[in-house]
Amino acid sequence: MKIVSYNVNGIRARLERFLEYLAEQQPDIVCLQELKCADELLPIKEIEAAGYLGAWHGQKGFNGVAVIARGVQPVERQRGLAGDPEDEHSRYIECDVDGLVVASIYLPNGNPQPGPKFDYKIKWMERLADRARALLAEELPAVLAGDYNVIPHDDDTFSVRAMADDALMQPESRERYRALLAQGWTDALRTRFPSGGVWTFWDLKSNGWARDQGFRIDHLLLSPQAADRFGDAGVDKEYRGRERPSDHAPTWVRLK
């Protein structure tokens, strides 16, 4: 079973590339982030025609997450995180897919920092930790997949110096990511590539792709029951190099 996390940076703008990816790779489950599209305008019919059914949590202009599955209708378990009734951002959706719990996560960027956006990021991570802890208590195979907007280690970026002041690499961001793992979650890509040096994002504005100046911010965390089924993990990097791509590459884990 191939489970993919893919920040598409606008589902309508990248639809051709995304359908191409589905046809060529035929992943079993895809967790989408940054749909940037209201629910009523989502290209659901086109994606269903490709053989995928989904649970969608869109938002006009920005954010937006979904879980889609090949030939199976994901059963929504939860959308949004508890702990802030005024938070209306579409950043979390959690589904059951044939006995596997899968969540698609679009964690706040947090820039500029310090400031209210960074404060929101940290509080959001704490709310995510509460939900993650509750999921572990269910003792089910679960995958928390998404764009975490956190660079966990120095070897997860092309340049520590270039990213030193960025919200993605602040001690507070890293500390809360480590706290998630300490609950008992396994970082799939880190397990496969323990020495780092694997990127999932290359900035469009700075021409980072041409110079391979990227970093790892897309993560798939496995509960112990899912980690027991770990087979492989990787990044479908070539899709970042195609015409009109997202700034992220599809990142995946394969479970037995």
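Structure shown above.
Residues numbered from 1 in each chain as written. Predicted model: local features only at pLDDT ≥ 70, side-chain atom pairs only at ≥ 80, totals over all residues. Heavy atoms only, no water.

(A) The arrangement of the sheet that holds strand E4 (residues 65–70) in detail. Reading across from one edge, E3-E4-E2-E1-E14-E13 is the order of the six strands in this open sheet, with mixed pairing throughout. At either margin of the open sheet sits one strand with a lone partner, and together these are strand E3 (52–57) and strand E13 (230–235). Between one strand axis and the next, the sheet turns through 15° on average, direction left out of account. Here E3 runs beside E4; their pairing, made up of six bridges, is antiparallel. Bridged to Trp56 within E4 is Ala66. Strands in contact with helix H1 (residues 15–25) are strand E1 (2–7), strand E2 (29–33), E3 and E4; relative to E1, the strand with the most contacts, it is inclined by about 165°. (Pairing = 2+ DSSP bridges. Helix = DSSP H or I, 4+ residues; strand = E, 2+ residues; numbered from the N terminus. Axes fitted to C-alpha atoms, helices over the stretch in contact; angles between N-to-C directions. Contact = heavy atoms within 4.5 Å.)

(B) Representation of the pattern of salt bridges in the model. A complete count under the given rule lists 22 salt bridges for this structure. Between Glu16 and Arg17 there is a salt bridge; the shortest N-O distance is 3.7 Å. Judged by relative accessible area, which is 61%, Glu16 ranks as exposed. By relative accessible area, Arg17 is classed as buried at 12%. A salt bridge links Arg176 to Glu126; its shortest N-O distance comes to 3.1 Å. Taken together, the positions of Arg176 in helix H5 (residues 171–182) and Glu126 in helix H3 (residues 116–138) put the pair 50 residues apart, joining distant regions of the chain. The exposure class assigned to Arg176 is partly exposed, which follows from its relative accessible area of 22%. Among the charged side chains, a salt-bridge network with shared partners connects Glu16, Arg17, Glu20, Glu24, Glu238 and Arg242. (Salt bridge = Lys/Arg side-chain N within 4 Å of Asp/Glu carboxyl O. Buried < 20%, exposed > 50% of the residue type's maximum accessible area, 1.4 Å probe, protein only.)

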